[in-house]
Amino acid sequence: MAQLIVALDLPRKDAALSLARDLQGLVPWCKVGMELFTLAGPGLLESLRTLGFKVFLDLKFYDIPHTVGRAVKAAATVGVDLLTLHCQGGGRMCREARAAVDGLAADSPTRPLLFGVTVLTSFAAGEMPGIAAAPADVAMNLAADAQGWGLDGVVCSGQEAARIKAASPGLLCLCPGIRPAGTAAGDQRRIMTPAKAVAAGADFLVVGRPILEVPSPAEAARRILAEMDAAE
Ligand code: C5P
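Below is a summary of the structure that appears in this document. (Residues numbered from 1 in each chain as written. Predicted model: local features only at pLDDT ≥ 70, side-chain atom pairs only at ≥ 80, totals over all residues. Heavy atoms only, no water.)

Let us now look at the pattern of salt bridges. Scanning all chains against the criterion turns up 12 salt bridges. In this structure, the salt-bridge partner of aspartate 152 is arginine 98, at a minimum N-O distance of 3.2 Å. Here aspartate 152, found in the loop between helix H6 (135-148) and strand S6 (153-155), pairs with arginine 98, found in helix H5 (residues 90-102); they are 54 residues apart in sequence, far enough to count as distant. What makes aspartate 152 partly exposed here is its relative accessible area of 21%. A relative accessible area of 16% places arginine 98 in the buried class. Between arginine 209 and aspartate 187 there is a salt bridge whose closest N-O contact spans 2.6 Å. Here the residue arginine 209 occupies a position in helix H9 (residues 209-212), and aspartate 187 occupies one in the loop between strand S7 (172-175) and helix H8 (194-199), the gap between them amounting to 22 residues. (Salt bridge = Lys/Arg side-chain N within 4 Å of Asp/Glu carboxyl O. Helix = DSSP H or I, 4+ residues; strand = E, 2+ residues; numbered from the N terminus. Buried < 20%, exposed > 50% of the residue type's maximum accessible area, 1.4 Å probe, protein only.)

Turn by turn, an α-helix covers 3.6 residues, leaving residues three or four places apart pointing in a common direction. Turning to helix H7 (residues 158-167), its buried residues are Gly158, Glu160, Ala161 and Ile164. Buried residues in H7, looked at end-on, bunch into an arc of 125°, giving them a common side. Buried residues in H7 make contact with H6, S6 and S7. With a side-chain oxygen lying 2.9 Å from the backbone nitrogen of glutamine 159, the N-terminal cap of H7 falls on serine 157. (Arc of directions from axis to C-beta. Contact = heavy atoms within 4.5 Å. Polar contact = N/O pair within 3.5 Å; in protein donor to acceptor, adjacent residues only side chain to side chain.)

This is the structure we're talking about:
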């Protein structure tokens, strides 16, 4: 059963919490990315958990193994259920992140799931600097690597989910670039509708603007959830 994650891509803590309250009990996950986390800090994560949300911290770690391992540990101490790091950080960086989670004390507030970003859904073919291969092929290869490095899942386009799930059984797929039919793609390039992403086997769908930029976010979320249910 795929789960919906709302991306709280908003510039203020009070606006993010107000939206979260509108979606409480409807959407199980909130994603906090670099803009909101920079402005609101870890206190917001605790507020979201208090409201009953699972928290996805999307800072896409990419640094030396030592630094990433410590950042992963820090995320667990402030209550994060899922976080992202770049697969391009390589095996030693990803294994250090795995070791950080595996080494958490039994009473750690959370044990974050680790998701490796393969190829950003905003990249079209030919746009990745220095990489001529097709985004889907790069994503496939990085997903296989990510599983070998011990990550729980990968971030990929819905367009790649079926191939990745077939080639790397057990690896979870989290898909941004979700666009209900008729909604604007914006800067996203490798997009998919909620129904098609669920049918392709996505485990998590991340949706930002199609929920944030409409008069009734709760209504938009309900429609997306209904579309996901019908596709299961
Ligand atoms: O507004 P939209 O639905 O495009 O938001 C997608 C969200 O998913 C954004 O918060 C973006 O940072 C995030 N994301 C993404 N592509 C990735 C990883 C995360 O779009 N590969």
